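Remarks on the overall topology
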Amino acid sequence: EPKSDELFVTPALLDKMREKLDRQEQIIILQSRRGFSTSVSCTECGYVETCPNCNISLSYHLKGWRMRCHYCELNQKAPSLCPKCQSTEIRYRGVGTQKVEVQMQELLPKARIARMDLDTTRGKRAHDKILQDFGEHKYDILVGTQMIAKGLDFPDVTLVGVIDADTMLHQPDLRATERTFQQLSQVAGR
């Protein structure tokens, strides 16, 4: 099972998180992508696993070692060998909410962490349950995608962190800068 190999939480954010946890205050962490890694590639030949339907890179999800397309929901087993050159040099690149959750748990082992993204809210009332539990302080940290950026009001939240905020600017959308500004403004209001 892949572990977090790179530190994507800055030392300044980590210090602030420890400070807030010591005060028993809550934290929201926004990451715009779900899954564990945003792509899987071969370091030998450069092959990147893409969706045959949508021609975008597949995201790696820990549960069941699965690769998923976040547009058409194609779901397949992650490769252990490169499909192109048969190399074992497969690397999981990029950061998704699952990787953020794993790294937060490694860095802050006593923190109670909930993740809220499309993968954790598929069940009936799962969205409401996560928010209710967070509101009742059953969790210290809420990690999630844009669904945690809008309309939430938790008085004990005193810190909001955004992982890789600049990657939102490089989405293949001519309105990417406007959407990034809107999302950062919304999450800052939490």
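Not measured: the values here are computed from a predicted model.

What follows concerns the packing of aromatic side chains. Per the counting criterion, the structure on display carries 4 aromatic pairs. For the pair Y60 and W65, a centre-to-centre distance of 6.0 Å together with 75° between the ring planes defines the contact as edge-to-face. Under the relative-accessibility criterion, W65 is labelled partly exposed at 34%. With a centroid separation of 4.5 Å and 55° between ring planes, the pair formed by Y60 and Y92 is classed as tilted.

Moving on to the confidence of the model for the protein chain. Close reading of the predicted structure is inappropriate where its pLDDT is low. On average, residues of the protein chain score 85 in pLDDT, and 83% of them are at 70 or above. Least confident of the elements in the protein chain is helix 4 (residues 176-188), whose mean pLDDT is 65; most confident is strand 7 (residues 113-116), at 96.

Let us now look at the sheet that holds strand 1 (residues 26-30). Each strand in a sheet pairs with its neighbour through backbone hydrogen bonds, running either in the same direction (parallel) or in the opposite one (antiparallel). If you trace the 4 strands from one edge of the open sheet to the other, you get 7-8-1-9, paired in parallel fashion. In this open sheet, the two edge strands, each paired with only one partner strand, are strand 7 and strand 9 (157-162). Neighbouring strand axes in the sheet, compared pairwise and without regard to direction, differ in orientation by 20° on average. Examined bridge by bridge, strand 7 and strand 8 (residues 141-144) share 4 bridges and lie parallel to one another.

Turning to helix 3 (residues 126-135), a few remarks are in order. Where helix 3 is concerned, the buried positions are A126, I130, L131, D133 and F134. Angular distribution of buried residues about the axis of helix 3 spans 160°; they occupy a single face of the element. At its buried positions, helix 3 is contacted by strand 1, strand 7, strand 8 and strand 9. At the exit of helix 3 stands H137, carrying a positive phi of roughly 65°.

This part is about the environment of M147. Along the chain, M147 turns up in the loop between strand 8 and strand 9. Looking at M147, the relative accessible area reads 26%, which means it is partly exposed. Note: C-alpha distance between M147 and D117 (30 residues apart in sequence) is 7.0 Å. With residues up to four places along the chain from it excluded, the contact list for M147 reads M116, D117, L118, T121 and H127.

Right, let's get into the sheet that holds strand 5 (residues 75-77). Ordered by their spatial adjacency, 3 strands build an open sheet running 3-4-5, and the pairing between neighbours is antiparallel. Two strands close off the open sheet at either side, each with one partner strand: strand 3 (59-61) and strand 5. Between one strand axis and the next, the sheet turns by 35° as a mean value, whatever way the strands run. Both strand 4 (residues 66-68) and strand 5 contribute to a ladder of 3 bridges, which runs antiparallel. Counted as the bridge partner of R66 is K77 from strand 5.

This part is about the nonpolar core. Membership of the largest hydrophobic core comes to 18 residues, with the highest contact counts inside it found for M17, I29, M104 and I141. Those elements that provide at least two residues to this core are helix 1 (11-22), strand 1, helix 2 (97-107) and strand 8. Residue contributions to this core peak at 4 residues, all from helix 1.

Each value, and the rule that gives it
- In this convention, every chain numbers its residues from 1, walking through the sequence in written order.
- Residue-level local features of this predicted model are given only where pLDDT is at least 70; pairs of side-chain atoms are given and counted only at 80 or more, and the full residue set underlies all totals for whole chains, interfaces and linings.
- Working from all heavy atoms in the structure, the side-chain values ignore hydrogens and water.
- Aromatic contacts are taken between Phe, Tyr and Trp rings whose centres are within 6.5 Å, Trp giving its six-membered ring; a plane angle under 30 degrees counts as stacked, one over 60 as edge-to-face, and the others as tilted.
- Relative accessible area decides the class of each residue, using a 1.4 Å probe on protein chains only: under 20% of the type maximum gives buried, over 50% gives exposed, and in between gives partly exposed.
- The predictor attaches a confidence to each residue, called pLDDT, with possible values from 0 through 100.
- A run of H or I in DSSP becomes a helix once it reaches four residues, and a run of E becomes a strand once it reaches two; helices and strands are each numbered from the N terminus.
- Here, a strand pair is defined by DSSP locating no fewer than two bridges between the strands.
- Geometry is summarised by axes, namely lines fitted to C-alpha atoms with helices restricted to the contacting stretch, and by angles between N-to-C directions that run from 0 to 180 degrees.
- The directions from the helix axis to the C-beta atoms form the arc being described.
- Here a residue-residue contact requires only that any non-hydrogen atoms of the pair lie within 4.5 Å.
- Buried Ala, Val, Leu, Ile, Met, Phe, Trp, Tyr and Cys residues form a nonpolar core when they are joined through side-chain atoms within 4.5 Å.

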